Amino acid sequence: MNPTPLLIVDAANVVGSRPNGWWRDRAGFTARLRDTLAPLGARGVPPDLPPPVEVVLVVEGAARDVPGVDGVHVEPADGSGDDAVVDLVARAGDRRRLVVTADRELRDRVTALGAEVRGPRWLNGRGGP
């Protein structure tokens, strides 16, 4: 079992959770989210996730070309971002998996696979957007 927790962030859902004009520049707001997540790998997300943490940002649509950076693996979804998140959770096996999304259907799908879920507000004040 991999002891490093896996933090999977549903980019479209987290970016879309704030009415701040993201719809005018989806890729730009997604890149900013990615950059705020970068330090979390080494720092963790106290008190819930002690370091180190593997951070994966799932992107789709207009944000598909946002590249990864040190500390954040960017996973472009071939189709549905939700399906890509579920696939990542399923492939991670028994390791601790925490998904950040407010999407109720996605929450149900990943908790059925044993993942934990937090909403976008959970990242506020913890290094997130």
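In what follows, the structure referred to is the one given above.
Predicted model, so just to flag it, every value in this text is computed and none were measured.

**Let's talk about the pattern of salt bridges**
Next up, step 1: Summed over all chains, the structure comprises 7 salt bridges.
Next up, step 2: Note that Glu116 and Arg96 form a salt bridge whose closest N and O atoms lie 2.6 Å from each other. A residue pair is termed long-range when its members are at least 10 positions apart, and Glu116 in strand β5 (residues 116–118) and Arg96 in the loop between α4 (81–91) and β4 (97–100) qualify at 20 residues.
Next up, step 3: For Arg96, a relative accessible area of 29% puts it in the partly exposed group.

**Re the pairing of strand β2 (residues 54–59)**
Next up, step 1: For β2, the tally of buried residues reaches 5 of 6 residues, placing the bulk of the element in the interior.
Next up, step 2: As judged from the 5 bridges shared by strand β1 (residues 6–10) and β2, these two strands associate in the parallel manner. When the sheet's bridge partners are listed, Asp10 is paired in β2 with Val58.
Next up, step 3: Note: β2 against strand β3 (residues 73–76), 4 bridges, orientation parallel. Of the residues in β3, the one forming a bridge with Val56 is His73.

**Some details on the sheet that holds β4**
Next up, step 1: With parallel pairing, 5 strands are arranged side by side in an open sheet as β3-β2-β1-β4-β5. In this open sheet, the two strands that pair with only one neighbour each are β3 and β5. The sheet shows a mean angle of 25 degrees between the axes of neighbouring strands, taken without regard to direction.
Next up, step 2: Taken strand by strand, helix α2 (residues 26–37) contacts β1, β2 and β3, and its axis lies near 175 degrees from that of β2.

**Digging into α2**
Next up, step 1: Between its terminal C-alpha atoms α2 stretches 17 Å, which fits the 16 Å expected from 12 residues at 1.5 Å a residue.
Next up, step 2: Along α2, the residues that are buried comprise Gly28, Phe29, Thr30, Ala31, Leu33, Arg34 and Leu37.
Next up, step 3: If you follow the buried residues of α2, they end up packed against β1, α1 (11–15), α3 (40–43), β2 and β3.

What counts as what
- Residues numbered from 1 in each chain as written.
- Predicted model: local features only at pLDDT ≥ 70, side-chain atom pairs only at ≥ 80, totals over all residues.
- Heavy atoms only, no water.
- Salt bridge = Lys/Arg side-chain N within 4 Å of Asp/Glu carboxyl O.
- Helix = DSSP H or I, 4+ residues; strand = E, 2+ residues; numbered from the N terminus.
- Buried < 20%, exposed > 50% of the residue type's maximum accessible area, 1.4 Å probe, protein only.
- Pairing = 2+ DSSP bridges.
- Axes fitted to C-alpha atoms, helices over the stretch in contact; angles between N-to-C directions.
- Contact = heavy atoms within 4.5 Å.
- Expected span 1.5 Å × (residues − 1).

Remember, this is a structural readout, not a statement about activity or role.
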